[in-house]
Amino acid sequence: MSRIINVDGDKNIIDFVADYISKSDKKIAVISGGKRPFLFIKRNLAQELGKAFFSPSFYTNDEFVEQSIFEKFGLAKISDIEAAYLIYEIIKDEEPHLLKGETSFASFMEWSQEIFSFIEQLDLENISEEKLKAVRANAEIGYDVPENINDFLKNIFKIRKSFHVKLDRSFRTTKGYSFLKAAELDCFETKKEFEEIILLTPFYLHKTEFKIFKKFYDDGNLTVIVQGNPKEFDVLETLYREFRETIPNIKPLKNSYELNIYSTVDDQSQGSCLKNLISSYSENDLDKTVVIVAEPKMLQSVVSELSIVTGKYNVSAGYPAEKSAVFLLVNEIAEMQLSKRGEYYHSKDFVKVLMNPLFKNMKFFGDSAISRIVAHKIEEALSPDSNKSLSGKMFVSFKEIIEDKDLIGDIEKNISGTWEYLSPEKIIKILKEIFECFFASWERIETFLDLSNVIFNFLNKLYSMSAIGNYPLNIEAMDILLSMSKEMKYGEVAKVKFKYEEIFAVFKKLIKNKKISLHGSPLKGLQVLGLLESRNFSFDNVFIVGMTDSAIPAIKKDYSLVPKDIMYALGIEMTHKEYEIQKYHFSRLIAGSKKLNLIYPDNAKEERSRFIESIIWEKQFESRDLNAVKVNRFVLPKFSIKKTLKQKYEKTQEIKKYLKIMPYTYSKIDSYLTCRLKFYFQYVLSLDNEAEIGSDVSGGDIGNFIHDFLKEVFHENLNFEVLKTEKFEKDFFEKLNNKFNSSARFQFREDAFLIKEVFKRRMEKVLEKERQRDFKSIYICEKEYNSSIQINSGETYKLNCIIDRIDTNGKEYAIFDYKTGYIPKSIVSSNFDKLEFKRQTIKKYVKSLQLPLYKYIFEKETGLKVMQCGLYNIKKSEIIDFPTQQYVNEKCIDILKFLLNEINSGDYFAFDEEDEPNCKTCKYFYICR
């Protein structure tokens, strides 16, 4: 006998169904909106029967219908991209005026997807041709919608009909078309296979579903199990009416749960509040607890906080795939291809791919260290502060990279120092392999079939050459990408040639909004679900986070193609039932709970959910008390960092060895003087921040430009007499103008003319200053010197420097370092002779050891005498001289030896409290605590 069974709202529907099946001796099939309940029904059956048993067959609504259609007609499911392309082709061929100038598939794709979605709704709701013709007639008069929507509505009948014809000819189908065909079938093979079919808690059924299931119902082998009062929900009332059953009188359910409402500040504080509330739960409590995450964006903060208190949780709420490392990398590759100009890559996008963690852990030639070295060295070479030939380039080609001998030399040097020796030829071979995998193979894409093959090969290489397989999130992301690549491999769209800009634009749209299901143990532990994933489940403890009125209920304000009112007039009622559907699932979930905890952010941007307002109003009405419900305010505790939390870091044997062999520069010595921990982070751990490639102009950009220009004009062997000529002056400013105009770092800026004028004024003053000085010629420019120094203990340390400029009068020499930033008024204090050999005392009396270090290295390596050292202030066109007294220079060298000894002595790099004034502006402020 056919029937509708209505289970009390506070009962566990899974327990009821399992008990119902266990008492039956029929061959049963269970149909539900999702697969998750099937696991729990099987578990309960096993517990009740206590022995081996023949399990019922389980189907989702889609599986049940499509299996019959596929078997009867031999159809295959069409992919979303192929469906969108078929619609684009239909409109282009039959109604080209609807394209409105969007001639490419990529530019029209979003509209095509909207049209496909609308046709799906028409099919699912079994909207007749007569209704569509009526819509056409009304559209010709004109709906109160944009003209292009009216145009579309006039032609939707023809578009839908042509789409169905194309599907039939190619033996393919969609979900909507499958349901439409199934609704017309008189006989289902499934009828013969099962004695009873259970339709589990259908809430909203499309008209085709009603037509399909009513045939089973009328034949006497369908049982419908529902939960809820039909007089409260129109959708349930419609269910009874469609199956021609009497609407039962069900008493309103009185909620008996313990209610707690918490307000917080933001997503992270909601996660912290949840963590605190769950921290005291036992393992048994967690098995009866669910956390409903209203919005995917909250999932990360919720999971990160929960993982602090328990590892036994299962996440079924969809995690945004675009946030996974795999999707980020693929998206970055796509972005890079879109910003490419011929063979030249936009440097910022190029480096972004190289700096992706997945790239840096690829084991080219068996060691991931190679990938990291390659990535960082290329980033360093392209940095505006690098002084390399690729420095500051906005666009770069692979050819330029492998032909840059300095870059290859740097990579060779670093690989040899950390791994084993690799020749430049092998390094170039590695670079070519990297380039083929991450760059070149993506350039040869002309069709979606090409893209499918590239993605497959790329993921295969990624999996085989990295540890990506150890991370479930990335494995799930790869599965989604592989599934997408299969979809792009078949159908008409697969072999059509497109511009690669179009292909990547479409691909980026396809990967957007993909969700990853995080698998765990759904039968045990804390469950983290979305609201819809909680269908059919009951939990003692219910936590709902993110309860804003835009998240629960999440009502789409309107559809971009067809307004809700027109869809409702057509008979597509789903658009008007969104609120009721979400209210039902919310009400059913909380009805079965013992403890209900609702958490929402209390801020000016978002309002709390109307469901909270409704619950509060009910409680107030019941108790006749406006203060019946108290909202608990959760505030994150404030943390204060004490000075005693400063850390010290051990000088391990490896570090001590490294300190002995590393070459010392003035910047390393100055950094140590500023702070021992800064030296440790910057030069021992190499945590220095590089300038961002492609970022806005900075002091480093200006400094590099000025240094390069001055090296070019004040070149080696330049004679002072030549410098005074009019021709030199003319060439000087002509070179400045040309260099500025060819600089990608400046020419595309809106304020370029101002920067150019500033450069011109400063260079005028520099040239004037040069003509007033007394020297014969320029000896060298930007030359690197390597040397060594022996300290009092007898140990020897490497020294090196790059000297900007050395002038000569023929017998004596003068060293200068160009400065475009801050320069102290004096390099050493007037009380220098009172200096004691202590680091803090040295800091007070010596601003920098740069010039005495340069003088020492130059004189030792050349045997030439330096009579003057100075810092060349470009802003003011003046030179700050280092004292010429011999004892000052000698004492500075003694200071250098003292500091080298201190750096290499002791067992720790420890914080010095006297260095604390520098902490406020230090980039390592947080990690040194």
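Calculation criteria
- Every chain is numbered independently, its residues counted from 1 as its sequence is written.
- With pLDDT at 70 or above as the cut-off, local features in this predicted model cover only qualifying residues; side-chain atom pairs require 80 or more to be listed or tallied, and sums for whole chains, interfaces and linings still use all residues.
- Side-chain measures were taken over the full set of non-hydrogen atoms in the model, leaving aside hydrogen atoms and water.
- Elements are defined by DSSP. Helices are runs of H or I of four residues or more, strands are runs of E of two residues or more, and each kind is numbered from the N terminus.
- Each residue's exposure class comes from its accessible area (1.4 Å probe, protein chains only) as a fraction of the maximum for that residue type: buried when under 20%, exposed when over 50%, partly exposed otherwise.
- Residues count as neighbours in contact if any of their non-hydrogen atoms are within 4.5 Å of one another.
- We get accessible surface area from the Shrake-Rupley algorithm with a probe of 1.4 Å; when it comes to residues, only the shown protein chains can shield them.
- pLDDT measures how confident the predictor is about each residue, on a scale from 0 to 100.
- Pairing between strands is defined by DSSP: at least two bridges between them are needed.
- For helices, the axis comes from a line fit to the C-alpha atoms of the stretch in contact; other axes are also lines fit to C-alpha atoms, and the angle between any two N-to-C directions lies between 0 and 180 degrees.
- What counts as a salt bridge is simple: a side-chain nitrogen of Lys or Arg found within 4 Å of a carboxyl oxygen of Asp or Glu.
- In the cavity and pocket records, a cavity denotes points on a 1 Å grid over the protein atoms alone where a 1.4 Å probe fits but cannot get out, a pocket denotes an open set with protein on both sides within 12 Å along at least 5 of 7 lines, and lining residues are residues with an atom within 4 Å of a point.
- Grid points are joined across faces, edges and corners, and a volume is the space filled by probe spheres set on the points.
- Basically, the charged four are Asp, Glu, Lys and Arg, the nonpolar ten are Ala, Val, Leu, Ile, Met, Phe, Trp, Tyr, Cys and Pro, and anything else, Gly included, counts as polar.
- Definition of a polar contact: a pair of N or O atoms within 3.5 Å, with one able to donate and the other able to accept a hydrogen when the atoms are protein atoms, and with sequence-neighbouring residues admitted only if both atoms are side-chain atoms.
- Oblique is the label for every angle not falling under 35 degrees (roughly parallel), over 145 degrees (roughly antiparallel), or within 65 to 115 degrees (roughly perpendicular).
- Crossing handedness: left-handed means the near helix sits turned counterclockwise from the far one by under a right angle, and right-handed means the same turn made clockwise.
- Any residue with relative accessible area above 30% and no salt bridge may belong to a patch, with like charges joined within 9 Å and the nonpolar Val, Leu, Ile, Met, Phe, Trp and Tyr side chains within 5 Å.
- The criterion is simple. A nonpolar core is a set of buried Ala, Val, Leu, Ile, Met, Phe, Trp, Tyr and Cys residues joined through side-chain atoms within 4.5 Å.
- Helix span is expected to be 1.5 Å times the residue number reduced by one.

A.B. asks: In this structure, what is going on with the overall build of the protein? I would like to understand it.
C.D. replies: Assigned secondary structure in the protein consists of 38 helices and 25 strands. Taking the principal axes of its C-alpha atoms as reference, the protein extends roughly 115 × 65 × 55 Å. For the protein, the proportion of its 929 residues judged to be buried stands at 51%. Long-range contacts, defined here as pairs at least 24 residues apart, represent 76% of the contacts in the protein between residues at least 6 apart. Accessible area for the protein stands at about 45,000 Å²; split by element, carbon and sulfur atoms hold 49% of it.

A.B. asks: Looking at this structure, I do not really get the confidence of the model for the protein. What am I missing?
C.D. replies: Overall, the predicted model of the protein reaches an average pLDDT of 84, with 92% of residues at or above 70. Note that pLDDT drops below 50 for residues 690–697; the model gives that stretch 23 contacts with residues more than four away or on any other chain.

A.B. asks: Sorry if this is basic, but what is going on with the sheet that holds strand 20 (residues 777–790) here?
C.D. replies: Adjacent strands of a sheet form backbone hydrogen bonds with each other and so pair up, either parallel or antiparallel. Taken in spatial order, the five strands make up an open sheet running 20-21-22-23-24, and their pairing is mixed. Each edge of the open sheet is held by one strand with a lone partner, namely strand 20 and strand 24 (878–881). On average, each strand axis in the sheet is inclined to that of its neighbour by 40°, with strand direction left out of account. Judged from the seven bridges that link them, strand 22 (residues 813–819) and strand 23 (residues 866–873) form a sheet pairing that is parallel. Directly across from Ile 815, in strand 23, lies its bridge partner Cys 869.

A.B. asks: Explain the pattern of salt bridges here, please?
C.D. replies: Pairing is possible between side chains of opposite charge, provided their charged atoms come close. Per the stated rule, a full pass over the model turns up 38 salt bridges. Between Asp 549 and Arg 610 there is a salt bridge; the shortest N-O distance is 2.9 Å. Linking Asp 549 in the loop between strand 16 (541–545) and helix 25 (564–570) with Arg 610 in helix 27 (residues 610–623), this pair joins segments that are 61 residues apart in sequence. A residue is classified by how much of its surface remains accessible, and Asp 549, at 22% relative accessible area, is partly exposed.

A.B. asks: Sorry if this is basic, but what is going on with empty space enclosed by the protein here?
C.D. replies: Where empty space is left can be seen by rolling a probe of water-molecule size over the atoms. Counting across every chain of the model gives three cavities of 30 Å³ or more. There is about 60 Å³ of room inside the largest cavity. In this structure, the largest cavity is lined by Phe 350, Leu 354, Val 374, Ile 378, Phe 398, Ile 401, Leu 431, Ile 434, Phe 435 and Phe 439. The greatest single-element share of the lining of the largest cavity, amounting to four residues, is contributed by helix 21 (residues 424–443). Broken down by class, the residue content of the lining of the largest cavity amounts to ten nonpolar, no polar and no charged.

A.B. asks: How should the side chain of Asn 536 be read in this particular structure?
C.D. replies: Within the secondary structure layout, Asn 536 lies in the loop between strand 15 (526–529) and strand 16. What makes Asn 536 buried here is its relative accessible area of 6%. Among the polar contacts listed, one links the side chain of Asn 536 to the side chain of Thr 201, at a separation of 2.3 Å. Discounting residues that sit within four places of it in the chain, Asn 536 has contacts with Ile 13, Ile 14, Ser 32, Pro 37, Leu 200, Thr 201 and Arg 588.

A.B. asks: Hey, could you run me through the packing of helix 15 (residues 325–338) against helix 22 (residues 448–464) in this one?
C.D. replies: Pairs of packed helices are described in terms of their axes, by the angle between the two and the distance that separates them. As a packed pair, helix 15 and helix 22 sit with axes 13 Å apart at the nearest point and diverge in direction by 130°. Overall, the two elements helix 15 and helix 22 adopt an arrangement that is oblique. The two elements helix 15 and helix 22 meet at a crossing, and its hand is right-handed. Contacts between helix 15 and helix 22 involve Val 326, Leu 329, Val 330 and Ile 333 from the former and Phe 458, Leu 459 and Leu 462 from the latter.

A.B. asks: Hey, could you run me through a nonpolar patch on the surface in this one?
C.D. replies: A cluster of nonpolar side chains, namely Leu 685, Leu 687 and Ile 927, defines an oily patch on the protein surface of about 230 Å² accessible area. On the secondary structure map, Ile 927 appears in the segment after strand 25 (908–910).

A.B. asks: When you look at the pairing of strand 22 in this model, what are you seeing that I'm missing?
C.D. replies: On any regular strand, side chains alternate: one points to one face of the sheet, the next to the other face. Counting buried residues in strand 22 gives seven out of seven residues, a clear majority hidden from the surface. Both strand 21 (residues 796–808) and strand 22 contribute to a ladder of four bridges, which runs antiparallel. Residue pairing in the sheet places Asp 807 in a bridge with Ala 814 of strand 22. The antiparallel pairing of strand 21 with strand 22 creates a hairpin that spans four residues between the two strands, and Gly 810 there sits at a positive phi of about 110°.

A.B. asks: Any chance you could explain the side chain of Asp 817 here in plain terms?
C.D. replies: Tracing the chain through its elements places Asp 817 in strand 22. Accessibility expressed as a relative area gives 5% for Asp 817, which makes it buried. A polar contact of 3.1 Å, which involves the side chain of Asp 817, links it to the side chain of Gln 850. Once you skip the residues sitting within four places of it in the chain, Asp 817 turns out to touch Asp 804, Gln 850, Tyr 854, Gly 870, Leu 871 and Tyr 872.

A.B. asks: Just to check I follow, could you spell out the nonpolar core for this structure?
C.D. replies: Side chains of a nonpolar character, in soluble globular proteins, are inclined to be buried together. Formed by 131 residues in total, the largest nonpolar core has its most connected members in Phe 105 and Phe 438. Counting residues per element, this core draws most heavily on helix 21, which supplies ten residues. Every residue in contact with Phe 105, bar those within four places of it in the chain, is listed here: Ile 81, Ala 84, Tyr 85, Tyr 88, Phe 448, Val 493, Phe 498, Glu 502 and Val 506. Ile 655, Ile 803, Val 828 and Val 866 belong to the second largest nonpolar core, which has 58 residues in total.

A.B. asks: Looking at this model, I keep getting lost on helix 27. Mind explaining?
C.D. replies: Each turn of an α-helix holds 3.6 residues, which means side chains three or four residues apart point in the same direction. The terminal C-alpha atoms of helix 27 lie 20 Å apart, and with 14 residues this matches the ideal 20 Å at 1.5 Å per residue to within 8%. Within helix 27 the residues assigned to the buried category are Phe 611, Ile 612, Ile 615, Ile 616, Lys 619 and Gln 620. For helix 27, the N-terminal cap is Ser 609; the gap from its side-chain oxygen to the backbone nitrogen of Phe 611 is 3.0 Å. Of the residues trailing helix 27, Arg 624 is marked for its positive phi of about 55°.

A.B. asks: Hey, could you run me through the sheet that holds strand 6 (residues 196–200) in this one?
C.D. replies: In space, the five strands of this open sheet follow the order 1-7-6-2-3, with parallel pairing throughout. Each end of this open sheet is capped by a strand with a single partner; those strands are strand 1 (3–7) and strand 3 (57–60). Neighbour-to-neighbour, the strand axes of the sheet open up by a mean angle of 20°, direction not taken into account. With four bridges joining them, strand 2 (residues 28–32) and strand 6 adopt parallel strand pairing. What sits directly across from Ile 31, in strand 6, is Leu 199. Running over the sheet, helix 1 (residues 13–22) touches strand 1, strand 2, strand 6 and strand 7 (222–227) and is turned about 155° from strand 7. Strand contacts of helix 11 (residues 234–242): strand 1 and strand 7, with the helix running at about 160° to strand 7, the strand carrying the most contacts.

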